[in-house]
Amino acid sequence: VQLQASGGGLVQPGGSLRLSCAASISIFSINAMGWYRQAPGKQRELVARFTSAGTTTNYADSVKGRFTISRDNARNTVYLQMNSLKPEDTAIYYCNAARVVLLREVNYWGQGTLVTVSS
């Protein structure tokens, strides 16, 4: 599975950005997709994730009410709409896809896109 992420950039506090992640295969062939981020000097953390069956969507507490994950099945693309951005949202954002292969979960990662929130 190849993942192509885009949409990062520099934005002022309170602003918005939308990240996109295009998968090389159908979303329905993927068990779960989402976004993680890694800030300088910190561990990678979950931002938002959903199961392809649409039964579960998870958000980090720090982004609830501000970020929304969505999907376009026809385009095999997942989006992350980020509103009311804060400086602490500054990080490299990674698209993730998880598949179960031979009873084991295999994770695939996009190349990362930098989001900088600063005035």
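Residues numbered from 1 in each chain as written. Predicted model: local features only at pLDDT ≥ 70, side-chain atom pairs only at ≥ 80, totals over all residues. Heavy atoms only, no water.

Side note on the overall build of the protein chain
Then step 1. Assigned secondary structure in the protein chain consists of 0 helices and 11 strands.
Then step 2. When its helices and strands are written in sequence order, the protein chain yields β-β-β-β-β-β-β-β-β-β-β.
Then step 3. Against the 2.2 N^0.38 benchmark of 14 Å for 119 residues, the protein chain shows a C-alpha radius of gyration of 14 Å, consistent with a compact globule.
Then step 4. Seen through its C-alpha atoms, the protein chain measures out along the principal axes to roughly 45 × 30 × 25 Å.
Then step 5. Evaluated residue by residue, the protein chain yields a buried proportion of 41% over its 119 residues.
Then step 6. Carbon and sulfur atoms form 47% of the exposed surface of the protein chain, whose accessible area is close to 6,400 Å². (Helix = DSSP H or I, 4+ residues; strand = E, 2+ residues; numbered from the N terminus. Rg over C-alpha atoms; globule rule 2.2 N^0.38 Å. Buried < 20%, exposed > 50% of the residue type's maximum accessible area, 1.4 Å probe, protein only. Areas by Shrake-Rupley, 256 points an atom, 1.4 Å probe, with all protein chains shown as cover.)

What to know about the pairing of strand β4 (residues 32-38)
Side chains on a regular strand alternate between the two faces of the sheet.
Then step 1. Burial runs high along β4: 6 of the 7 residues are buried.
Then step 2. Here β4 pairs with strand β5 (residues 45-51) via 6 bridges, running antiparallel. Residue pairing across strands places G34 opposite R49, the latter belonging to β5.
Then step 3. Taken together, β4 and the strand that follows it, β5, pair antiparallel across an intervening segment of 6 residues, in which G41 is found at a positive phi of about 75°. (Pairing = 2+ DSSP bridges.)

Points about the pairing of β5
Then step 1. Examined bridge by bridge, β5 and strand β6 (residues 57-59) share 3 bridges and lie antiparallel to one another. In the strand pairing of β6, F50 is matched with T57.

A look at the environment of A97
Then step 1. Take A97: it is sitting in strand β9 (residues 91-101).
Then step 2. Note on A97: relative accessible area 0%, which makes it buried.
Then step 3. Along the primary structure A97 and R49 are separated by 48 residues, whereas in three dimensions their C-alpha atoms are 9.3 Å apart.
Then step 4. Dropping the residues within four chain positions of it, A97 is found in contact with V1, L3, I30, A32, M33, V106, N107 and Y108. (Contact = heavy atoms within 4.5 Å.)

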